[in-house]
Amino acid sequence: MTDMTQNSSTQFSTPSADGSSFAVLKHQFLQIWQVLAALVLIYLVFFTLSEPFRSLDTLLSIFGQASILAILACGTTVVLISGGLDLSVGSIFAVVGVIVGIALAEYQLPVVVAVLIGLLAGAAMGALNGTIQVFTKVPAFIVTLGGLTAYKGIAEILASGRDLSRFPDSFQMLGSGYLVPMLIMFGVALVTGLFLTKTQLGNHAFAIGGNEEVARLSGVNVRKSRIYYYMLGGVLAATAAILEVSKLNFAMPARGQSYELFAIAAVVIGGTSLFGGRGGVGKTLIGMLIMQTIIVGLSYLGVGTSVQRIAIGIIIIVAVYWDVWRRPSR
Amino acid sequence: MASQDGKKPILRARGVSKHYGGVVALETVDLDLHEGEVLAVVGDNGAGKSTLIKALTGAIPKTSGTIEMDGHEVQINSPTDAKAAGIETVYQDLALVNELSITKNMFLGRELIRNDILGRLFGTLDFPKMDAEIRALFQKLDIRIADIYREAEAFSGGQRQAVALAKTVMFGKRIAILDEPTAALGVRESKMAMDLVRSLKDHGLSVIMITHNMQHVMNYCDRVMVLRLGRLAAVRDVKDVDGDTLVGLITGASEDKAA
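Residues numbered from 1 in each chain as written. Chains lettered and ligands numbered in written order. Predicted model: local features only at pLDDT ≥ 70, side-chain atom pairs only at ≥ 80, totals over all residues. Heavy atoms only, no water.

The name given to chain B in an unreviewed UniProt entry is Monosaccharide ABC transporter ATP-binding protein, CUT2 family, with the source organism recorded as Shimia sagamensis.

Formally: UniProt positions are given in the numbering used here, feature names are shortened, and annotations may be inferred rather than shown by experiment.
Under an unreviewed UniProt entry, the name given to chain A is Ribose transport system permease protein, and the organism recorded is Shimia sagamensis. Under the UniProt heading Subcellular location (unreviewed entry), the note attached to chain A is "Cell membrane".

So, the UniProt feature "domain: ABC transporter" (unreviewed entry) in chain B
As a reminder of what qualifies: Working definition: helices are DSSP H or I runs of at least four residues, strands are E runs of at least two. Numbering for both runs from the N terminus.
As annotated in UniProt, the feature "domain: ABC transporter" (unreviewed entry) corresponds to residues 11-254 of chain B in the numbering used here. Secondary structure over residues 11-254 of chain B splits into 36% helix and 26% strand, and the C-alpha atoms at its two ends are 28 Å apart.

Observations concerning the pairing of strand β8 (residues 206-210) of chain B
All names here are of chain B. For the record, the criterion: Throughout this description, buried means an accessible area under 20% of the type-specific maximum (1.4 Å probe, protein chains only), exposed means over 50%, and partly exposed covers the range between. Strand pairing follows a simple DSSP-based rule, namely that at least 2 bridges must link the two strands.
By the criterion of burial, β8 is predominantly enclosed, with five of the five residues buried. With burial as the criterion, each face of β8 is covered, one bearing Ser206, Ile208 and Ile210 and the other bearing Val207 and Met209. Of the pairings in the sheet, the one linking strand β3 (residues 38-43) to β8 comprises four bridges and is parallel in character. Considered in β8, the bridge of alanine 40 is made with methionine 209. In this structure, strand β7 (residues 175-179) lies alongside β8, joined through five bridges in parallel fashion. Bridging from a neighbouring strand, isoleucine 175 pairs with serine 206 of β8.

Section: the domain arrangement of chain B
Residue and element names in this part refer to chain B. As a reminder, the rule being used: The domain boundaries here were taken from an automatic or database domain assignment. Contacts between residues were defined by any pair of non-hydrogen atoms, one from each residue, lying within 4.5 Å. The term buried area refers to how much accessible surface (probe radius 1.4 Å) is lost by two components on association, counted for both of them together. Definition used for salt bridges: Asp or Glu carboxyl oxygen within 4 Å of a side-chain nitrogen of Lys or Arg. Whenever two N or O atoms come within 3.5 Å, that pair is a polar contact, provided that in protein one can donate a hydrogen and the other can accept it, and provided that, for residues adjacent in sequence, both atoms are side-chain atoms.
Under the domain assignment used here, chain B contains domain 1 (35-62 + 74-96 + 156-251) and domain 2 (100-150). Here the C-alpha centroids of domain 1 and domain 2 sit 26 Å apart. With 14 residues of domain 1 at the interface, the matching set in domain 2 holds 14 residues. Interface area for domain 1 against domain 2, summed over the two sides, is near 1300 Å², with a carbon-plus-sulfur share of 76%. When the buried surface of domain 1 facing domain 2 is broken down by residue, Val163, Met170 and Phe171 rank first, second and third, together holding 41% of it. Here domain 1 and domain 2 share one salt bridge between them. Linking domain 1 to domain 2 there are two residue pairs in polar contact (both at pLDDT 80 or more). When contributions to the side of domain 1 that touches domain 2 are tallied by element, the ones reaching two or more residues are α6 (157-171) and α7 (187-202).

Laid out in structure tokens, this is it:
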């Protein structure tokens with residue numbers, strides 16, 4: 001017994017670590033500082049290279065452009081931490097946009113009702129993904145790849161022959177400018193972060209993503225939890241869709257295309273593991289900001305969209321390589 | 001096979017079988033566990049040891065068989081059922097989630113929820129209380145791990161096993177089932193783990209332990225049951241056997257006359 005004592009206290013001694021919140025905060029900061037440093041570095045590089053990039057307006061537009069995708073990516077973060085994958089959130093985004101558009105433009109429903117219908121639709125589609133997956137055991141990749149095309153089809157059918165634009169002013173306020181979407185982004189990130197770190201269901205996402213069998217043997221209801229995570233992903237995709245429809249003042253089924261990939265990219269760049277069990281929404285926000293900074297910065301330098309895509313692609317691979325490389329014993 | 005000394009077994013399994021299609025992993029095995037004893041389960045690879053405990057604890061559905069606790073039949077069809085019956089299990093390689101802190105691992109599936117509006121509405125966890133309970137328990141068991149908020153993967157095999165065993169003390173009300181608690185541990189760490197196993201007894205737990213180590217059977221166990229090719233080959237009091245006899249029973253070189 002005393003042997004074990006010495007072993008543990010010499011190897012892992014942190015005298016201050018009496019479970020104090022300071023120790024926990026320090027621990028969290030150590031996990032996040034690398035991506036944060038990368039973000040600052042990338043920002044500074046463009047800051048040096050481009051004169052117009054230095055304005056406050058540019059900084060705000062980076063946040064503004066990041067906000068809608070970041071909200072969606074918060075959901076992706078939870079799903080990936082739990083060891084799942086949802087490729088259909090871009091299509092859920094499209095369906096919700098169209099549904100909210102119909103509710104507002106065709107049925108003239110109150111804004112609150114339309115928003116609620118949109119969120120419910122997102123929850124339902126996410127839950128359907130999760131349910132199919134846990135009960136059929138068809139891999140998440142396949143189920144949600146099916147969802148990607150099927151939901152897209154639904155969005156097209158719903159939108160066909162309809163003019164989904166010119167929404168009430170009160171609705172347009174939601175997504176206009178930078179400030180409101182940014183605040184909603186921070187609000188969503190905060191709530192999702194608290195969900196992941198402070199609640200039982202949120203903690204189980206890490207357990208299930210880390211080792212599903214251990215979680216099951218420990219009495220965690222893996223199936224039910226998984227369905228909730230996909231549902232949350234659907235709700236956050238819906239939130240993002242509502243903001244975008246508001247911002248653009250029209251809805252169309254082509255919106256949301258590839259958003260799932262941008263979200264996964266941001267999540268992975270931020271340092272959430274693609275293999276489950278590790279990560280957080282703070283990282284995802286930073287990952288999304290890194291991506292948007294690069295996109296905005298490159299366009300200020302006159303680099304075209306195609307080259308931007310190549311750059312993002314390379315960064316994704318590097319980020320995943322880093323994830324694989326730093327994983328112990330695997 | 002009659003229960004010894006007229007004592008009623010705390011756990012009594014009868015005719016436990018597990019078939020995978022046509023493959024027989026376990027065939028009508030009986031098991032008695034007495035109050036406060038450490039029962040060793042030994043056998044060659046593929047003898048059905050792990051299958052037996054997984055069937056007992058509801059980790060896998062058994063093909064047939066009944067389980068009684070204190071003379072009453074109980075239905076154990078899931079790990080949750082087993083926990084509710086007071087049975088804690090440490091599965092080999094499946095004890096801890098690497099990515100979770102020691103606190104979160106200890107309470108996985110049984111987290112303490114805050115006793116306030118946040119807890120009731122959102123299932124908000126009471127980390128201070130969980131941390132305090134773990135620290136108290138670790139002190140009692142002389143496990144000196146300070147960084148309980150640190151991920152499990154940061155710790156050595158011995159420390160991880162100590163945490164897993166501490167979990168059985170924290171939650172096990174009646175029975176601890178251990179699948180090779182010293183597998184992959186060094187000599188020194190094995191001894192520490194086995195001392196912990198012995199102390200489970202002092203905490204009112206009866207123990208079933210799978211092991212490959214005959215020394216551990218001799219030094220730490222009261223009785224031993226031998227499985228061979230999915231069947232029960234022998235049950236002995238440890239004081240009546242020696243290592244060679246046991247190896248003979250495991251390999252089938254010496255047939256059991258007593259059973």
